Amino acid sequence: MALSDRPAERHRQVAALFTDRVRGTGSWDAPSPVDGWAARDVVRHLTGWFPGFLASGTGIDLPRGPSVDENPVLAWQVHRDGVQAILDDPETAHREFTNPRIGRLSLESAVDRFYTADVFMHTWDLSRATGQDDRLDPGLCARLLGEMEQMEQVIRSSGHYGARVEVPGDADVQTRLLGFIGRDPFWTGR
């Protein structure tokens, strides 16, 4: 299934896949491909950074669920539903998002570019950590890789991405994206 071009629907689709992986997690302490993170930390990251980013750029506060340590499934679901409600509400989706580093853009564009893309990429981390299907949509992989390659110096200097991992020249787009963001696409956790 191809992902939607509409930010609200794309978030719904990307978040649904991540939700499937959250619900399929058997061990929250399983190591993840992100150095020093366990499966639980992938959820902690996604539910942890975005509320402050959103509040500082729009003044919108997301509902808070239980902590990821108490209940990672419910923590994710409450967070996911709060983000989706903002995107589905015509009064908030088109509000302006302002950030000193990225400027001004619509809230739905900010969510799509920074948050939905992050959920998408971290779906691989959680999938790989927990032995689940780790295939990502190749169209979004290609789009993200193309956009990120154009600003590689900025991305690398942000500290949010690891050093590029070299992959075979004939690698598929998912493998190339993972290598670009600093993941070892062949990581097995063992």
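See above for the structure.
Predicted, not measured: the structure shown is a model, and the values here were computed from it.

Trainee: Can you lay out the side chain of Thr175 for me, pointing to particular residues and giving the numbers?
Mentor: Along the polypeptide, Thr175 turns up in helix H8 (residues 173-180). Sequence-distant contacts of Thr175, defined by excluding residues within four places in its chain, comprise Val167, Pro185 and Phe186.

Trainee: Can you explain the packing of aromatic side chains? Please cite residues and give values.
Mentor: A complete count under the given rule lists eight aromatic pairs for this structure. What links up through ring pairs into an aromatic cluster is the set Trp49, Phe50, Phe53, Phe97, Phe114 and Tyr115. Above the ring of Phe180, the side-chain terminus of Arg156 is found at 4.6 Å from the ring centroid.

Trainee: Go over helix H2 (residues 39-58) with me, naming the residues and quoting the values.
Mentor: Since the α-helix turns once every 3.6 residues, residues separated by three or four places project in the same direction. Taking 1.5 Å of rise per residue, 20 residues should cover 28 Å, and H2 covers 30 Å from first to last C-alpha, within 8% of that figure. After H2 finishes, the residue Gly59 shows a positive phi value of roughly 80°.

Trainee: With reference to specific residues and values, describe the packing of helix H1 (residues 7-23) against helix H3 (residues 72-88).
Mentor: Closest axis-to-axis distance for the H1/H3 pair is 10 Å, and the angle between their directions is 175°. Our classification of the angle between H1 and H3 gives roughly antiparallel. Note on element contacts: H3 touches H1 through Pro72, Val73, Trp76, Gln77, Arg80, Val83, Gln84, Leu87 and Asp88, opposite Pro7, Ala8, His11, Arg12, Ala15, Phe18, Thr19, Val22 and Arg23.

Trainee: Describe in detail the layout of surface pockets, supporting the description with residues and values.
Mentor: Its boundaries defined by the atoms lining it, the largest pocket holds a volume of some 1100 Å³. Taken together, 31 residues form the lining of the largest pocket, with Phe114, Ile155, Ser158, His160 and Tyr161 sitting closest to its centre. Residue assignment for the lining of the largest pocket shows that the elements contributing at least two residues are H2, helix H5 (107-129), helix H6 (138-149) and helix H7 (152-158). In terms of residues, the lining of the largest pocket owes the most to one element, H5, which gives six residues. The space that makes up the second largest pocket amounts to roughly 160 Å³. Taken together, Arg44, Thr47, Gly48, Pro63, Arg64, Gly65, Pro66, Ser67, Val68, Asp69, Ala75 and His79 form the lining of the second largest pocket. Secondary structure elements with two or more residues in the lining of the second largest pocket: H2 and H3. A per-element tally of the lining of the second largest pocket places H2 first, with three residues.

What counts, and where the lines are drawn
- Residues numbered from 1 in each chain as written.
- Predicted model: local features only at pLDDT ≥ 70, side-chain atom pairs only at ≥ 80, totals over all residues.
- Heavy atoms only, no water.
- Helix = DSSP H or I, 4+ residues; strand = E, 2+ residues; numbered from the N terminus.
- Contact = heavy atoms within 4.5 Å.
- Phe/Tyr/Trp six-rings, centres within 6.5 Å; stacked < 30°, edge-to-face > 60°.
- Lys NZ or Arg CZ within 6 Å of the ring centre and 35° of its normal.
- Expected span 1.5 Å × (residues − 1).
- Axes fitted to C-alpha atoms, helices over the stretch in contact; angles between N-to-C directions.
- Parallel < 35°, antiparallel > 145°, perpendicular 65-115°, else oblique.
- 1 Å grid on protein atoms, 1.4 Å probe; cavity = no way out; pocket = protein on both sides within 12 Å on 5 of 7 lines; lining within 4 Å.
- Points joined across faces, edges and corners; volume = space filled by probe spheres on them.

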